[in-house]
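Structure assessment
One letter stands for each residue in the lines below.
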Amino acid sequence: MADSTPLLFQHNSAESERTLPPLEKHHPSLDSTIERCIGDFGWAQFLQALLVSCSWIFDAQQTFISVFTDAHPTWHCTGQLSEYSCNNSVYDICYLPKNSWAWDWPAYTSIISEWNLECAASIITGLPASSFFMGCIV
């Protein structure tokens, strides 16, 4: 039952010097593949990257504009009612009658004031900005 073959192969150093292991196949990297297909980075690629980056300026402007157009404008009491019903310590104009306060700026300066969304839910007041970003995704 005993097998006379050794479990581990004994390596002969004289034999290994004469026989070299086969070379492994070289796999090109992603960088070398891109350079082979497209070429080195030159002025044409720089100009293309610059033009693509300039197109983001317009998208950034629209994003920045929504910060101002969707803002909650400031308001003040008009004094048509008693001082007790409307004073500057009241922080929510939804509890006040419409004729007891007015916007500090013209109504067209914000979507909130122009469309009378001052007492609307936050999902409604955030709808214009959300619609813009959905359009960016599409």
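Below you will find a few notes about this structure.

Rules and cut-offs
Residues numbered from 1 in each chain as written. Predicted model: local features only at pLDDT ≥ 70, side-chain atom pairs only at ≥ 80, totals over all residues. Heavy atoms only, no water. Helix = DSSP H or I, 4+ residues; strand = E, 2+ residues; numbered from the N terminus. Buried < 20%, exposed > 50% of the residue type's maximum accessible area, 1.4 Å probe, protein only. Areas by Shrake-Rupley, 256 points an atom, 1.4 Å probe, with all protein chains shown as cover. Phe/Tyr/Trp six-rings, centres within 6.5 Å; stacked < 30°, edge-to-face > 60°.

What follows covers the overall build of the chain. A count of helical and extended segments in the chain gives 6 helices and 2 strands. Buried positions account for 14% of the 138 residues belonging to the chain. In the form shown here, the chain has an accessible surface area of approximately 12100 Å², with 64% of it arising from carbon and sulfur atoms.

Topologically, Gln-62 is positioned in helix 3 (residues 43-69). Residue Gln-62 is classed as partly exposed on the basis of its relative accessible area of 40%. Placed 70 residues apart in sequence, Gln-62 and Phe-132 show a C-alpha to C-alpha distance of 8.6 Å.

Turning our attention to unusual backbone geometry. You will see that Asn-116, though not glycine, has its phi angle at about 55°, which is positive. Take Asn-116: it is sitting in the loop between helix 4 (111-114) and helix 5 (122-125).

A full pass over the atoms with the stated rule returns 4 aromatic pairs. Between Trp-75 and Trp-101, the ring centres sit 6.4 Å apart and the planes meet at 70°, which makes this aromatic pair edge-to-face. With a gap of 26 residues between them, Trp-75 in strand 1 (residues 75-77) and Trp-101 in strand 2 (residues 101-103) connect regions that are remote in the sequence. For the pair Trp-75 and Trp-101, a shared accessibility class is recorded, and that class is buried. Taken together, a centroid distance of 5.1 Å and an interplanar angle of 65° make the contact between Phe-132 and Phe-133 edge-to-face. By relative accessible area, which is 22% here, Phe-132 ends up partly exposed. What makes Phe-133 partly exposed here is its relative accessible area of 38%. Ring pairs connect the aromatic residues Trp-75, Trp-101 and Trp-103, which therefore count as one cluster.

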